[in-house]
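Understanding the architecture of this molecule
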Amino acid sequence: MMLQTVTIAVVILALLALLFFLQQHRTSPVSLPYSVVTTFKDNPAEARAFAWSTDDSEAASVVQLMPGSEASAWNTDVVLTFQGQTTLLEINGNKIGTHKAEATGLMPSTTYTYRVGSGEAQSWSVPAQFTTAALDDTSSFTFLNLADSQGVTEPDFKLWGNTLNKAFELYPNARFVIHNGDFTENADDPDGWRYLFEQAMPWAASIPIMPVVGNNDVLKKQGSTPLTARFNLPDNGVNGVAGSYSFDYGTVHVAVLNTEEEISAQTNWLDADLAATKQPWLVVAIHRPLYGGNTYKKIKEWGEIIDRYKVDLVLQGHNHEYSRSYPLRDNKVTGAADKPVKDHVGTVYVVTNTSGPKFNEKKEDQFYHAVHFQNDKQMFAAITIDGDTLTYTAFTSDGSQMDNFTVQH
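Rules of the game
- Residues numbered from 1 in each chain as written.
- Predicted model: local features only at pLDDT ≥ 70, side-chain atom pairs only at ≥ 80, totals over all residues.
- Heavy atoms only, no water.
- Helix = DSSP H or I, 4+ residues; strand = E, 2+ residues; numbered from the N terminus.
- Buried < 20%, exposed > 50% of the residue type's maximum accessible area, 1.4 Å probe, protein only.
- Contact = heavy atoms within 4.5 Å.
- Polar contact = N/O pair within 3.5 Å; in protein donor to acceptor, adjacent residues only side chain to side chain.
- Patch = residues over 30% accessible without salt bridge, like charges linked within 9 Å, V, L, I, M, F, W, Y side chains within 5 Å.
- Areas by Shrake-Rupley, 256 points an atom, 1.4 Å probe, with all protein chains shown as cover.
- Salt bridge = Lys/Arg side-chain N within 4 Å of Asp/Glu carboxyl O.
- Lys, Arg positive; Asp, Glu negative; His and termini not counted.
- Charge placed at Lys NZ, Arg CZ, Asp CG, Glu CD.
- Expected span 1.5 Å × (residues − 1).
- Pairing = 2+ DSSP bridges.
- Axes fitted to C-alpha atoms, helices over the stretch in contact; angles between N-to-C directions.
- Parallel < 35°, antiparallel > 145°, perpendicular 65-115°, else oblique.
- Nonpolar A, V, L, I, M, F, W, Y, C, P; charged D, E, K, R; others polar.
- Phe/Tyr/Trp six-rings, centres within 6.5 Å; stacked < 30°, edge-to-face > 60°.
- Lys NZ or Arg CZ within 6 Å of the ring centre and 35° of its normal.
- Core = buried A, V, L, I, M, F, W, Y, C linked by side-chain atoms within 4.5 Å.

**Notes on the environment of Arg324**
Mapped onto the fold, Arg324 is located in strand 16 (residues 322-325). Classification of Arg324 by relative accessible area gives buried; the value is 5%. Taking the C-alpha atoms as reference points, Arg324 and Leu233, separated by 91 residues in sequence, lie 28 Å from one another. Discounting chain neighbours no more than four positions away, the residues touching Arg324 are Ala337, Val348, Tyr349, Val350, Tyr368, His369, Ala370, Val371, Asp403, Asn404 and Phe405. At a separation of 2.9 Å, a polar atom in the side chain of Arg324 contacts the main-chain carbonyl oxygen of Ala337. Of the polar contacts made by the side chain of Arg324, one reaches the side chain of Asp403; its length is 2.8 Å.

Here is the structure:
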């Protein structure tokens, strides 16, 4: 009986020792990247920025890439590795790791295959591809415009995904996307953000999506952090005002403003930003409209600066209906609805309806409305710049053309 008791005790001690050993040597499960999105941060011909999320706020942020459209061995001399930053995003008790990294010193007009992760084996995302811009690209190119994906459930975001799919079906070589804000209905809901990016694949991992902060992207305590934490954006905007930035692609300069925070500080920045650019085409992107289904009077001074620098096109969101203005200058109509806008006679302001599930009733027509309707269909626009001509064309998510106009320099 004594021997049996001793044997049991030895077995128990051995099991405890084994458990202690396993505890000391256990490895945490690898947290895989999700919601991968690429953006412009520096020169699009020589750099590309990336952001992604994981469930591990302590994991490193690493991007690896190699020239070519297919991934080969990731341990060769052609592989470039860049370290980034990881930040804990904590909202309403939900904790996620947000990761940002940028690849620089790239070759113009070159396709790269890349992956993001922590650097550990089995931590990497599925490889994706992108192509850098030409060094001096003055040829024809197209970019896309959508707004207000603003869903809650996965089926809500399928509408945004279908709209994006149709846009790239019609314009497979589009260089980037401007989204005019209200990405989700509830900025503090991590599931909504995850659905948003899932439905944007594979495009979001390859084609830059440049975001505008909308009112639904802002929380009382965190401000626009739910959005800006998930995108790696240029840091040339107003200090302390997330979501204000500008970038160049080809012959176009795009200034992005945040209508939800620190409006007066952005007024001075916009003036300086537009004064500094040498690009022939000027585009401003905002969420609440200056001239849409209705107007946001708090940003009236932005309109005065837009007039001063003769901005060609203002992209807007928020109103969940389609609205296109006449050419405007000093709050007056300066051109016709059905003729090209020539020689900087006025700025055209557009709201490209919504790419998500929510529609508003059509508001009353105003003096500035050249085209104004509600068709209760998700929409997008393609903006093509070809030399001295900008062509804007609006479509529904089934590919039906709804509006078209041109601007000529």
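**Regarding a negative patch on the surface**
A surface patch of like charges, here negative, comprises Asp55, Asp56, Glu58 and Glu120. Relative to the assigned elements, Asp55 resides in the loop between strand 2 (48-54) and strand 3 (62-67). Owing to a relative accessible area of 56%, Asp55 belongs among the exposed residues under this scheme.

**A short note on the pattern of salt bridges**
Enumeration according to the criterion identifies eight salt bridges in this entry. Notably, a salt bridge pairs Glu198 with Arg194, separated by 3.8 Å at the nearest N-O pair. Of this pair, Glu198 and Arg194 both sit in helix 3 (residues 190-200), four residues apart, which is roughly one turn of that helix. Residue classification places Arg194 among the partly exposed positions, given a relative accessible area of 32%.

**A few points about helix 2 (residues 154-170)**
For the α-helix, the turn length of 3.6 residues means that residues three or four positions removed from each other point alike. With 17 residues, helix 2 extends 24 Å between its outermost C-alpha atoms, agreeing within 8% with the 24 Å of an ideal straight helix rising 1.5 Å per residue. For helix 2, every residue scored as buried is listed here: Asp156, Phe157, Trp160, Gly161, Thr163, Leu164, Lys166, Ala167 and Phe168. Those residues of helix 2 that are buried are in contact with strand 9 (141-146), strand 10 (177-179), helix 3, helix 4 (203-206), strand 22 (379-386) and strand 23 (389-396).

**Let's talk about the sheet that holds strand 4 (residues 80-83)**
Taking strand neighbours across the sheet as the criterion, the four strands line up as 4-3-7-8 in an open arrangement whose pairing is antiparallel. Among the strands making up the open sheet, the edge pair consists of strand 4 and strand 8 (128-131). Neighbouring strand axes in the sheet, compared pairwise and without regard to direction, differ in orientation by 30° on average. Across four bridges, the pairing between strand 7 (residues 111-117) and strand 8 is antiparallel. Considered in strand 8, the bridge of Thr111 is made with Thr131.

**Remarks on the packing of helix 6 (residues 263-276) against helix 7 (residues 300-308)**
Direction vectors running N to C along helix 6 and helix 7 enclose 5°, while the axes themselves pass 10 Å from each other. By the angle between their directions, the pair helix 6 and helix 7 is classed as roughly parallel. For the pair helix 6 and helix 7, the contacting residues are Ile263, Gln266, Thr267, Leu270, Asp271 and Leu274 in the first and Glu301, Trp302, Ile305 and Arg308 in the second. Its residues assigned to classes, the contact of helix 6 with helix 7 comprises five nonpolar, two polar and three charged.

**Description of the sheet that holds strand 16**
Strand order in the open sheet formed by seven strands is 12-13-14-15-20-16-21, with mixed pairing between adjacent strands. In this open sheet, the two strands that pair with only one neighbour each are strand 12 (245-249) and strand 21 (369-373). Between one strand axis and the next, the sheet turns by 15° as a mean value, whatever way the strands run. Bridge analysis of strand 16 against strand 20 (residues 348-352) gives three bridges, and the strand direction is antiparallel. Opposite Ser323, over in strand 20, you have Val351 as the bridge partner. Set on the sheet, helix 6 makes contact with strand 12, strand 13 (252-256) and strand 14 (281-285); between it and strand 13 the angle comes to about 175°.

**Digging into the packing of aromatic side chains**
Applying the stated criterion across every chain yields a total of 24 aromatic pairs. Both rings, one in Phe143 and one in Phe176, keep their centres 4.7 Å apart while their planes meet at 5°; by these two values the pair is stacked. One end of the pair, Phe143, is in strand 9; the other, Phe176, is in the loop between helix 2 and strand 10, and 33 residues separate them in sequence. Comparing Phe143 with Phe176, the two get one shared label, buried. Ring geometry for Phe176 against Tyr249: centres 5.7 Å apart, planes inclined by 55°, an arrangement best described as tilted. On the criterion of sequence distance, the pair formed by Phe176 in the loop between helix 2 and strand 10 and Tyr249 in strand 12 is long-range, its members being 73 residues apart. Accessibility assignment for this pair places Phe176 and Tyr249 in one class, buried. In this structure an aromatic cluster arises from ring pairing among Phe40, Phe141, Phe143, Phe176, Tyr245, Phe247 and Tyr249. Lying across the ring of Tyr296, Arg288 places its NZ or CZ 4.9 Å from the centre.

**What about the nonpolar core?**
In terms of nonpolar packing, the biggest core is built from 61 residues, with Leu313, Leu315 and Tyr392 touching the most fellow members. Those residues within four positions of Leu315 in sequence are excluded, and the remaining contacts are Phe143, Asn145, Ile178, Asn180, Val283, Val284, Ala285, Ile286, Val350, Ile383 and Tyr392. Judged by nonpolar contacts, the second largest core, of 23 residues, contains Val241, Leu274, Ile299 and Leu328.

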